[in-house]
Structures are given as structure tokens and as C-alpha cells.
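As a plain string of letters, each chain reads:
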Amino acid sequence: MSTTNPAKPKKQMTGAEALIKCLENFGVEYIFGLSGGAAIPIFDALVGSRIKLVLVRHEQGATHIADGYARATGKPGVVLVTSGPGATNTVTGIMTAHMDSVPMIVLTGQTISPMLGKDAFQESDIFGITMPVVKHSYLVRNTNDIPRIIKEAFHITNTGRPGPILIDLPKDITSAPFTGNSLNPPMDLPGYHVPDKGRLTDIKKIAKLFNESSRPLLLIGHGAVLSRAGDAIKKLAYKLQAPVTNTLLGKGEFPETDPLSLGMLGMHGTAYANKALTRCDLICSIGSRWDDRINGNPPKFCPGAKKIHIDIDAAEMGKIVQPDACCVGDARLVVEELLKYVKPHDTKNWLKELDGYRQQYPLKFETKGGLTAQYVLHELQEIIQGKAIVTTDVGQHQMWSAQFNLSTEGRKWISSGGAGTMGFGFPAAIGAQFGRPNDLVVAVVGDGGFQMTLAELSTLYNSKLPVKVLIIDNKYLGMVRQWQELFFDNRLSGVDLEGNPDFVKLAEAYRIKGVHIGHVHECRAKLKEAIDHPGPVVIHAEVIKEDNVFPMVPAGKSADEMIIEAPSKDKKLEKPTGST
Amino acid sequence: MAQKSDKRKDIHTVSMLVANKPGVLVRCAQVFARRGFNIDALVVSASVNPKFSRMTITATGDPGTLEQIVKQTSKLIDVIHCGEHTRKDSIDREYALIKIKSGSPASKAAIRKLVKSRAHVLDENNGAIIVGQTGTTEELDSLEESLKKFGIIEMVRSGKLVMAKGKEPT
């Protein structure tokens, strides 16, 4: 053990060396990145550092890997890229993290300060470009500011409502000698305040509404996962005997296998969760933002129910739903306090009514007529039994996976919710596996999304991580095809993925094991073989081409207008009025 | 005029104390733009503490959206404080410079007479008179209206400055 004070800089340090030292002091294990001219001083400072550099093949991949790492561990993911295109390639990943409140620090190299704004080679105004999609950002103007900025970035990114931070580092700033006194200077954030346990008067008002309700419903969102509110929510649900539903990103914080769980609600949620929305007399959102996937028509949302909103972000209050009572604070702390004021409930009739819906409208799928995505995902669930970390891409497979892969713990379901970023699932799985090397990690992806970031197969091979990639291949951009079939007279346009590669051969070209599944009868055994393989595997499941996700609440509609199962072919559905 | 006063109902004045750093103005303006609020006037000035600047934004839009804008602006790390102000809790003033054609000696005299009680003549040159005045938005609107008949060449207005009444900080 060294006895030197890590806060005291050694002599003759460059700005880049001070930067890396600060990252080490914050316990950063990995940096995900791709080098380039303006970032060379920073990559140089990484030589000999205890931080492991993971070299990706495209900067977008680095951001999604960092995102998966952050969601799986709760620690911020760190990305390092160069200026210009290197920096702009991170924008999708930053926006993805921003939409889903993920802690991430993106370090971008930049041209030298005197050339800023003069169209220098590989100059992009990444500070300006990313402004709407970051929680905060810095353009470093002074080498000696680096330790303060890094300290502020780590504080901001993972407190309150987490979000990505971008730090743009001109090459002259990282090359210049660091002459500051400390690597641990005070922060200067007079405008940043983190809400914690919330106001007691608000909590008492919420408790009063609960105590007056007879058909309460708890809605669990990502905020509950981020604050690890699960235990408190379990106590609350049991004390109130309240059914629990979750958003796509809230999966697992309250176990979906619990008898009180209705599973996911919303556009492709369970019919019984959506029925509960139409019938509850109180709905309490814990860390969700009443997003348009669960609330397509705000004026008709939960008619007759009192709305309660618990969220750490004051700007969410009244944004979509005007709450009858609300509390700005950390989900776990607020719920723990709330527990003291709510009374045990008798909700037998309410739970019985919901059980009726559960019997009447179970999730179901065809087992005849070829291999369906639902069948593959159902079989996967049977094998992993909630033990794996599941990441997904975006589209039909994501919704089926959300329906059939029941989560029993927070941070075991990683999916791009707000942004709906195709190409997210595979790199996010690599990041999750870096963060939790002893867990089984399965990426469920579509054939469309996988091809957007498959270059990271090299990163996977190099890392020797045992990530399992399950490609649900229907040779379509399936969700768009579903919309075109249902709402646009089946006029298919821009959805046929003819020309897909042979994914098994593709995996093998990257020296990764490939497994093909084409039939129902071989599905379980082949899946099991792949999951049990000690190294990385790409599983190519060729499923029937034309299948639709149900239930479906068309965009812009309310839960009572849900389509529970496939409508007859001649039934014409009106075009949705809501967003995508 | 009736139309103008109807419009005024949806005009809001927001004051914020922000970190005195590059980029802060863009971050704040983005919140307004994304919600479709047109910024009618904007004043950025020094505050007593050189670390912070004062921004006063006058913008048009519905009150519900404004509430969201205030919340989202408050969320910005570089914003120390952000709030809407009304005449009940604050005073506001702005400044106008108006350039008028001076024309014939008779019209010059008429301008001077009109201006005498309501504004200051700041310059007379090459057939143009520049008058200046401080006042509430309504007072300056009315001054503009009464000068129209002489032919206004151009006008520059500062935008509102706002300060909270009493000991409350703005």
C-alpha cells in the first residue's frame, strides 16, 4: 500500500494525468472509449493506470456499454473519445442515458483552445451540440480546473435524478502542466440541490389519500430502481394490500412473480394491468413520469382515481398528470416515511376483481405454425428463471421480452425506454457484464437493432466476457411492420430486412460461438446449450416473420381502448393520433 | 390596441440568477424554445456578486407551460434561482429609444412640444430626432403610439428590468 496522499498532486503532472488520477480516486474501474488525435494526451495518461481501458469499435457502442455498466451497478459509466466525429458519435448514447436518467461521464478530446470556433480539423462544438441531452456539461478552459470539474461531474451525475455529464477537454488544456494545489478541491455548485426525504406535510397528505381509498394501485418506475426502493415498496404494497404494476424500466424492483404484481402496464402491458388503470380509485406513481407509453391520453388517464406522484425531480410534477398529492424526494426515503402513516387495508374485493381479469386475459401465444418470438422468450424465461440480467434492444422483441421475462430484482432488466434506441441492447449487455462479471447476462435483440452496433462483437471477443446474445430474427423491422399492417392497410414500406447476414457465420467470423434455432422442438435444448456455454455466444433464432404484439393500446388512446388480441383481418383500425 | 392588451395576458416576466459562465444563456433559451415560447425581450446584466448574472426574460405563452419552463429552468445546474414576477410582487421598468423624422420646422416644434412632458430629446441630426424615455411597458407603448404620426424611423427597447418589492430577493 502506498502511503502518499492521493489528494495531493505529484510534481510535473499534466492536465491529462491529473484527470486520470482523479478518475482513479473516484474508483473508476473501466473507461470505454476510442482514441483519436485530440484525445492522445488522455490516452497517454492511461498507460500504467489501474483503470482498464476497453477499446470499442464505434463511439456509440462505448456510450451504450457505459450505460449498461451504470444501470447494472449503479455506478457512473465513463466514456472517453476524441473530438469531431468521435464526439458526435456519442450523441445517441448520451441522449439514451439522458432519457432514462442514467449516470454517465463522457470525456471528449477537443482541438486546442486557440483554434476553438475556427473550424479546426476534427473540431465539433460538442458542448453546444449536446446541451439539450445532458444533465450538465463543461468545456474546460483551465488545466487547474480539471479536479474540481471531475468532482462536480461525479456528484451531479449520480445524485438527484441521475443523468449524463459531458466534459470537453481541449488538447492544450490536457497537455499543459497541472499546477493546482489539490486533486480534491471544493465543489462550486450553488445552483444544485438534491431533494432527499421529502416534506412531511406532503407525505401525510399522500397517506390520507391512501387511507381513504379502497382500490389503490402502485405504479413503479425507474426512479424506484435507481433509489433501490424495492424493500420499502414491498412493505407498502403488503400493508395496503395494493396491487403493483410497473413501467418498462421499473421491472423487477417489485418482483413480477409476486401475487400482488400485475406486471408491466401500458401500450404493450398486460391486459389486467391496463384494466386496473381504468378501475382504480387511487394510483400512486413511485419514480415514473407518466410517460406516453403508459398514458397515451392524459385527460382520460385513470378516470376517477386520485393521482399521487412521488419523484425526485420537481419538474415532473404536473408535467403530464396534475397530481392530487405529490412529494419531491428520493423514492426509497419517501416510501419508508409514508409507511408510518398508512393504515392496513382490506382490498379483498379489489384483488378479486383483478384476479378475474388475470384469468380472463392472460398473456398468450401460438405454439403451432412455426417458431414464434414469444415461444423463444418463454423458453428463455424457463431456463434463466429471473436469475439473469436481461438487456434488450428496441421493438417487438423488447415488448415480448418485457411480457415474458419476469424480473424479480431491480437492475436486472436493462432496456432503452425513453429514447427507444435501436442498437442499445447488445453493447449494454457487454457493459452490464463488465460491471457484474459473476452474473449471467443475456442480450435479447432484434435482427434490425443488432446490425446497428454489431461491430462491438470485436469488443466482446477481446473482453472474453460470457455475454449471450439472442437475436430474434423475423427479417423485418417488426414493430413498424405491425403498425403498417394494423393501421396503414398493410402497405409495407421500409421494413423488409432482406439481405440479413447468416448470424451464426457472422459470430464465427468474430471467433464467437454461434447457435441456430429454427424449430420449436429444438428450441429448449439449443437455448440451454448456449446459456450453459462458458464463453460468449450468439444465438440466432429465426422466428415466423409476421407476428404482432398484443395487448396493444394504440398511441394516443386510453387504457380502456386497449386491443387485447389480434383483430379480425377485415376490421379496420383508425390511425393512432398519439406519437409513435 | 384592444388586440395588444389581449395578447399581454399571456406575457410573462421571468427573472433568474445564473452563474456568470459561457453557455448559460443558451441553456436557458433552449428550455423556452423547446416549449414553443417566443422570447420577446431578454436582459442579461451583472448582479452585485460578479460570480452571478441576472437574466430577465419576457416571453409569450400559456401559464401552464410557463410553470413547466420555470421548473425546468430551475433544474439547470447553472441556474441559482428562477421565478416568475408579476406587478403585485415587483416593479418593472424599461427604456426606449425612438428615432423620428423631424421634417418641417412646424413638425419639429410639434415633436418638441409632445416630447417635452413625456420623453427626452437626445439627438437632432440630419432630419432625425432621437428621443429616449424610461417607463412601464404600457407608458412606452403609449409614447410610441403618439409619435407614430410624425413617422418613426426606428425604435430600440431595452426589455423589462424587474425587481421584487420589499426585502424578498428577486
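Heads up: the structure comes first, above all this text.
In this text, all values refer to a predicted model and were calculated from it rather than measured experimentally.

(A) The arrangement of the interface of chain A and chain B in detail. Each side of the interface is counted separately: chain A has 20 residues, and chain B has 17 residues. Summing both sides of the interface, chain A and chain B together bury roughly 1,500 Å²; the carbon and sulfur share of this comes to 53%. Between chain A and chain B we count two salt bridges in total. With a shortest N-O distance of 2.7 Å, Lys75(B) and Asp313(A) are connected by a salt bridge. Where chain A meets chain B, there are five residue pairs in polar contact (both at pLDDT 80 or more).

(B) Examining the pairing of strand 5 (residues 136-139) of chain A more closely. Residue and element names in this part refer to chain A. Along strand 5, one buried face is formed by His 136 and Tyr 138 and the opposite face, lined by Ser 137 and Leu 139, is buried too. In the sheet, strand 5 pairs with strand 6 (residues 164-170) via four bridges, with the strands oriented parallel. Considered in strand 6, the bridge of Ser 137 is made with Leu 166. Of the crossover connections in this fold, the one passing from strand 5 over helix 7 (residues 146-157) to the parallel strand 6 is right-handed.

(C) Representation of the sheet that holds strand 3 (residues 77-81) of chain A. Residue and element names in this part refer to chain A. With parallel pairing, the six strands of this open sheet are ordered in space as 2-1-3-4-6-5. A single partner strand is all that each edge strand has here, and the edge strands are strand 2 (52-55) and strand 5. The sheet shows a mean angle of 20 degrees between the axes of neighbouring strands, direction not considered. The pairing of strand 1 (residues 30-33) with strand 2 spans four bridges and is classified as parallel. By the bridge assignment for strand 2, Ile 31 is matched with Leu 53. Against the sheet, helix 5 (residues 91-99) makes contact with strand 4 (104-110) and strand 6, and its axis sits at roughly 145 degrees relative to strand 6, the strand it touches most.

(D) Seen up close, the sheet that holds strand 16 (residues 468-473) of chain A. Residue and element names in this part refer to chain A. As summarised here, the arrangement of the six strands in space is 14-13-15-16-18-17, forming an open sheet in which the pairing is parallel. At either margin of the open sheet sits one strand with a lone partner, and together these are strand 14 (413-414) and strand 17 (513-517). Across four bridges, strand 13 (residues 389-392) lies against strand 15 (residues 441-446) in parallel orientation. Across the sheet, residue Val 390 finds its bridge partner in strand 15, namely Val 442. Contacts between helix 15 (residues 373-384) and the sheet are confined to strand 13, strand 15, strand 16 and strand 18 (537-542), with strand 16 contributing the most and set at about 160 degrees to the helix.

The rules we used
Residues numbered from 1 in each chain as written. Chains lettered and ligands numbered in written order. Predicted model: local features only at pLDDT ≥ 70, side-chain atom pairs only at ≥ 80, totals over all residues. Heavy atoms only, no water. Contact = heavy atoms within 4.5 Å. Buried area = accessible area lost by both parts, 1.4 Å probe. Salt bridge = Lys/Arg side-chain N within 4 Å of Asp/Glu carboxyl O. Polar contact = N/O pair within 3.5 Å; in protein donor to acceptor, adjacent residues only side chain to side chain. Buried < 20%, exposed > 50% of the residue type's maximum accessible area, 1.4 Å probe, protein only. Helix = DSSP H or I, 4+ residues; strand = E, 2+ residues; numbered from the N terminus. Pairing = 2+ DSSP bridges. Right-handed = clockwise from strand over helix to strand, strands pointing away. Axes fitted to C-alpha atoms, helices over the stretch in contact; angles between N-to-C directions.

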